[in-house]
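Residue-level listing of the chains:
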Amino acid sequence: MPSHQPSSSASLPIAPHLPSIVDAVRRAGVLLLAAPPGTGKTTLVPGALRDGGVGGDAGEIVVLEPRRLAAREAARRVAFLRGGEVGGEVGYQVRHDRRTSAATRIRFVTEGILVRQLVEDPTLDGVACVVLDEFHERHVEGDLALAMLKEVRATVRPDLALLVMSATLEVGPLRAYLQPCAEHHVEARVFPVETAWLGGGGFAGARDLAERVRDGVRLALAETAGDVLVFLPGAGEIGAAADSIEAGVARGCEVLPLHGQLEGDRQDRALRPSSRRKVVLATNVAETSLTIEGVSAVVDSGFARVLRHDPGRGLDALRVERISRASAEQRKGRAGRTGPGRCYRLWGKGEEVTMAPFTAPEIRRIDLAGPALEVRAFAGRDPAEFDWLESPDAAALQRADELLLRLRAVDTQGRVTATGRAMLALPLHPRLARTLVEARALGCEDTAVDVVALLAERELGRRGRDESAELPCDVLAQRELWREAKAKGFAAGLCRALAIDADAARAIERARAQFSRRRAATRDDARGDRSSDGSADEHVRRALLAGFPDRVASRADARSLEAVLVGGRGLTLPASVQAESTLFFLALRVLETRGSRSQVSAISSVDVTWLHELGVTEEDELHLDAQGRVVATRRVRYLDLPLSEVRVDADPEQAAALLGAELARDPWAVFGEHKELRAFVARLRWLREAAPDLGVPEFTDAEVAEVAAPLCLGARSLRDLRDASLQPLLEARLPPAVRGRLGELAPARIKLPSGRHAAVHYDKEQGPTVASRLQDFFGLRDTPRIANGRVPLCLQLLAPNQRPVQVTRDLASFWTNIYPKVRNELRRRYPRHAWPEDPLQRSP
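Because the structure is a prediction, the values reported are computed rather than measured.

Rules of the game
- Residues numbered from 1 in each chain as written.
- Predicted model: local features only at pLDDT ≥ 70, side-chain atom pairs only at ≥ 80, totals over all residues.
- Heavy atoms only, no water.
- Axes fitted to C-alpha atoms, helices over the stretch in contact; angles between N-to-C directions.
- Helix = DSSP H or I, 4+ residues; strand = E, 2+ residues; numbered from the N terminus.
- Parallel < 35°, antiparallel > 145°, perpendicular 65-115°, else oblique.
- Left-handed = near helix turned anticlockwise from the far one by under 90°.
- Contact = heavy atoms within 4.5 Å.
- Nonpolar A, V, L, I, M, F, W, Y, C, P; charged D, E, K, R; others polar.
- Buried < 20%, exposed > 50% of the residue type's maximum accessible area, 1.4 Å probe, protein only.
- Pairing = 2+ DSSP bridges.
- Disulfide = S-S within 2.5 Å.
- pLDDT = per-residue confidence, 0-100.

(A) Focus on the packing of helix H7 (residues 206-223) against helix H8 (residues 235-248). One can describe the packing of H7 onto H8 by two numbers: an axis separation of 8 Å at closest approach and a directional angle of 50°. Considering their axes alone, H7 and H8 lie oblique with respect to each other. When the axes of H7 and H8 are compared, the crossing they make is right-handed. Packed against H7, whose contacting residues are Ala206, Leu209, Ala210, Glu211, Val213, Arg214 and Val217, the element H8 presents Gly236, Glu237, Ala240, Ala241, Ser244 and Ile245 at the interface. When grouped by side-chain class, the residues that make up the contact of H7 with H8 number eight nonpolar, two polar and three charged.

(B) Here's a closer look at helix H2 (residues 41-51). Of all eleven residues making up H2, nine are buried, and the element is well covered by its neighbours. One or two residues past the end of H2 sits Gly53, with phi positive at roughly 85°.

(C) Examining the sheet that holds strand E25 (residues 749-751) more closely. In space, the five strands of this open sheet follow the order E25-E26-E27-E30-E31, with mixed pairing throughout. Either end of the sheet is taken by a strand with one partner, and the two such strands are E25 and strand E31 (804-808). Pairwise comparison of adjacent strand axes, ignoring direction, gives a mean angle of 25° for this sheet. Bridging between strand E27 (residues 769-773) and strand E30 (residues 794-798) involves five bridges; their strand directions are parallel. By the bridge assignment, Val770 is partnered in E30 with Leu795. In this fold helix H29 (residues 811-829) packs onto E30 and E31, with an angle of close to 170° to the strand it touches most, E31.

(D) Quick look at the state of the cysteines. Evaluation of the coordinates by the stated rule reveals zero disulfides. With no disulfide partner, Cys253 has as its closest neighbouring cysteine sulfur the one in Cys343, 19 Å distant.

(E) Up close: the confidence of the model for the chain. Mean pLDDT over the chain stands at 87; residues scoring 70 or higher make up 93%. Per-element confidence in the chain is highest for strand E6 (residues 127-132), whose mean pLDDT is 96, and lowest for helix H9 (residues 264-271), whose mean pLDDT is 75. In the model, residues 1-7 has pLDDT below 50 throughout and makes 17 contacts with residues more than four positions away in sequence or in other chains. Contacts of residues 464-468 to residues separated by more than four positions or lying in other chains number nine contacts, the stretch itself having pLDDT below 50.

(F) Region of interest: unusual backbone geometry. Gln179 connects to Pro180 through a cis peptide bond whose omega is -5°. Within the secondary structure, Pro180 sits in the loop between helix H6 (171-178) and strand E8 (182-185). Phi at Ala499 takes a positive value of approximately 65°, unusual for a residue other than glycine. Here Ala499 is to be found in the loop between helix H17 (492-497) and helix H18 (502-521). Take Ala499: its relative accessible area is 10%, and that puts it in the buried class. Of note, the phi angle at Phe699 is positive, near 55°, even though the residue is not glycine. With respect to the element layout, Phe699 can be found in the loop between helix H23 (675-690) and helix H24 (701-708).

(G) Expanded view of the packing of helix H5 (residues 140-155) against helix H11 (residues 369-379). Across the interface, H5 lies against H11 with an axial gap of 11 Å and an inter-helix angle of 10°. Looking at the two axes, H5 sits roughly parallel to H11. Between H5 and H11, the contacting residues are Val140, Glu141, Leu144, Met148, Glu151 and Val152 on the first element and Pro371, Glu374, Val375, Phe378 and Ala379 on the second. Looking at side-chain class alone, the contact of H5 with H11 contains eight nonpolar, no polar and three charged residues.

Dropping the structure here:
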């Protein structure tokens, strides 16, 4: 019998409601039950359903709990209340642990357990009722279980009873989703909880948080009389806080951790009453899932570890984040369970306006590859067409399907393959399941199970307590250290010497044992590795590549600690990797950092030939070097990761396309200071504007580039284009009537009386302009005209010093009115030049 006696069942607030709850389930088949924490819904409702005849004698009542710790503890409490032991009438089944028998009729399970049962047996043979507890936590497996159960009821099991209950149930959306259904609400006495805001700030690491927690616990112990419940993000922060509190605050109190990685007896110590005052350091498992008797004060760090999918890395990562206001209120309420209490918040009151009102559902935060595979196996259709309570993001589902295809869990039609079915039999993320399936085929499953357990659980290293400790980065080297610690029973001294977290190492051992038991149950020959010692490591690395095909990274050389991951993410390797020659590796564990590069803490080397076996692409890429020459590089890529590159001869068409693109971007940057060409284009543009009826093309920069495009064929550099003749191609675009008379309509040069040919400049603001010495115009009475005589030229009449004497379009008026006035000045300044009185009668 358990050593702790729970509160009398008759005194729990939900007790008077039990007959109505059972009746509603029997009548409606579906019931939504809202009951605050501590009312006894988890403890009393499953037994009441059983006693009320729901499911008869043989039908099983399955209760879903969001966490392993909650499922085990609930089974113990219910078994004790019903006068039995766990594994008899009441049992539990969680990841890595099962206590059930043929006599079990109330089975507490975690959400993933039921989802896999539904995938394997959609009729749920033998199950009479399913209870979804603490549904407000909105884990993706809980959402998936609800959707599957709804479909089962609608298709093959209309008799299956369904009860959804929670402390803070949002009834509206669920009512609409599950109609028709019944509802029941339970009120409970709430004792006042006084709140104190102690200030704090952001998360600066386990040590900093431990100091703030220590100060909060000191206040709580001084100002209250009961036990103290402290909320922290995870096991690492709990360990650091425990060290800090025990060093100077505890004074005869028991400081007890409470999280899902602990052994059952250590969890029990935190949950059961004690003759000494307790300080319980818990994760958010104690927020609603568990009730700890005797708590009168809560110290809330304000942080939790939240699982999120990082699209840039393609991984789920546990991140320390600020909790929501709703979560803060849930935590605060734990201090008012049995009487008035106090809540010490390690943040400022003003910070609460920046906190999210509610915690986002997990389906909005994590990788959906596992749920997507389960939906395809259960429903045989696209997860996007599945009837979710809350539809997942379409892009997240697409990423999930892409990963499943890459893992070969589904075929190109989305059908689950034999490999996918084998993966579903393993209670693991699809990546890890794929690794074990491949390891089985390669004969290295025993070794791979160790590695998968390492990857499935939290970091093996003691990073949370000793940031200077560092494990080797290679995952197989980590495995060897873990096996060394295991051989000595995970002795504390040895684990410290090896830089291993003993609790993490034990959790890995439990995971490995569970994987091994499941493996033995799903195959006939659960023998050891068939690979020889020399090939086992290589085969495990190949199996890891099968599970993490998009986690390949490369570095430039063996001295570099910087690498690039498939997808372009920058990585930084620890200094220990420098001794290795691995240029290609799997980034199996990536730690979030504030910088642009992520830190890698677990890798597995990859032989480049394995990537070629999986499939690579070859592509010739062209670019222009600093001299404007076309350079072709043949790049071999695995996905988008470059494996090798060599210089090759450029394909003529591709070279022409590259040069053409440069032309299209800015033709004059290609042709440079090609004065004659610029002058010719200016003539054509002017003629179009001056005589629109002639139909001259506009010759914009884009048209010039288009006309020049044929010059790219056979060219190998921008210089080749500059040296080519573009003018004939431009002339060929002119209307025939203009092409033959261009010299007449828009001459490039005109002959002056002096016999000199002067250029006509068409790009001047004042229009077509000729600049020459004034003497060159002696004998010319009127201004020359162009464009069929429509446009007079602008004449710049220059003195011997090449400065304009006059700029005019009326040469006759200049001779009559201006020349006589400037003649004397010109004679005085330039006596060696002739300045006749009558320039029209004088030869130049």
